[in-house]
Amino acid sequence: MKYLQQTWHFLVFLCIYLLFASYALAFPSETAWTLLLFATLIVLLEVFSLIGSLQNLEFSAPRYLSTHVDEAVSIEITMNKRPKKSFG
């Protein structure tokens, strides 16, 4: 359910950004370009906040794997969330 909600929010956010971009292209004025710049800054802020939350993830493989070219292997990877560091 959370994945569906995140996807819905992303699609709505993308549609709003595309509306700003199409407005700026259809009516090239200082206001339109300012709105597009503001929307771009908001998008970049959202992307950077997502990257920050992904930094707490840690991926590891249980064993070292060595293969040859064109050899198919299955890999088991575990994902752990690192605890937040406290300043104390």
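For the structure itself, look to the data block above.
Residues numbered from 1 in each chain as written. Predicted model: local features only at pLDDT ≥ 70, side-chain atom pairs only at ≥ 80, totals over all residues. Heavy atoms only, no water.

## Remarks on the overall build of the protein chain
Part 1 of the argument: Check the secondary structure of the protein chain and you find two helices and two strands.
Part 2 of the argument: Walking the protein chain from its N terminus toward its C terminus, one meets helices and strands in the order α-α-β-β.
Part 3 of the argument: With 88 residues in all, the protein chain has 6% of them scored as buried.
Part 4 of the argument: Partitioning the intrachain contacts of the protein chain with sequence separation of at least 6 by distance along the chain shows that 29% fall at a separation of at least 24.
Part 5 of the argument: Carbon and sulfur atoms form 67% of the exposed surface of the protein chain, whose accessible area is close to 8400 Å². (Helix = DSSP H or I, 4+ residues; strand = E, 2+ residues; numbered from the N terminus. Buried < 20%, exposed > 50% of the residue type's maximum accessible area, 1.4 Å probe, protein only. Contact = heavy atoms within 4.5 Å. Areas by Shrake-Rupley, 256 points an atom, 1.4 Å probe, with all protein chains shown as cover.)

## Some words on unusual backbone geometry
Part 1 of the argument: The phi angle at Asp-70 is positive, at roughly 65°, despite the residue not being glycine.
Part 2 of the argument: Along the chain, the position of Asp-70 falls in the loop between strand E1 (57–60) and strand E2 (78–81).
Part 3 of the argument: Classification of Asp-70 by relative accessible area gives exposed; the value is 80%.

## Digging into the packing of aromatic side chains
Part 1 of the argument: A full pass over the atoms with the stated rule returns one aromatic pair.
Part 2 of the argument: Arranged with centres 5.4 Å apart and planes meeting at 50°, the rings of Tyr-23 and Phe-27 form a pair that is tilted.
Part 3 of the argument: For Tyr-23, a relative accessible area of 35% puts it in the partly exposed group.
Part 4 of the argument: Residue classification places Phe-27 among the exposed positions, given a relative accessible area of 51%. (Phe/Tyr/Trp six-rings, centres within 6.5 Å; stacked < 30°, edge-to-face > 60°.)

## As for a nonpolar patch on the surface
Part 1 of the argument: A grouping of Phe-59, Leu-65, Val-73, Ile-75, Ile-77 and Met-79 is seen on the molecular surface, where their side chains present a nonpolar patch of about 600 Å² in accessible area.
Part 2 of the argument: For Ile-77, the position within the fold is in the loop between E1 and E2. (Patch = residues over 30% accessible without salt bridge, like charges linked within 9 Å, V, L, I, M, F, W, Y side chains within 5 Å. Salt bridge = Lys/Arg side-chain N within 4 Å of Asp/Glu carboxyl O.)

Shape is all these values report; function is a separate question.
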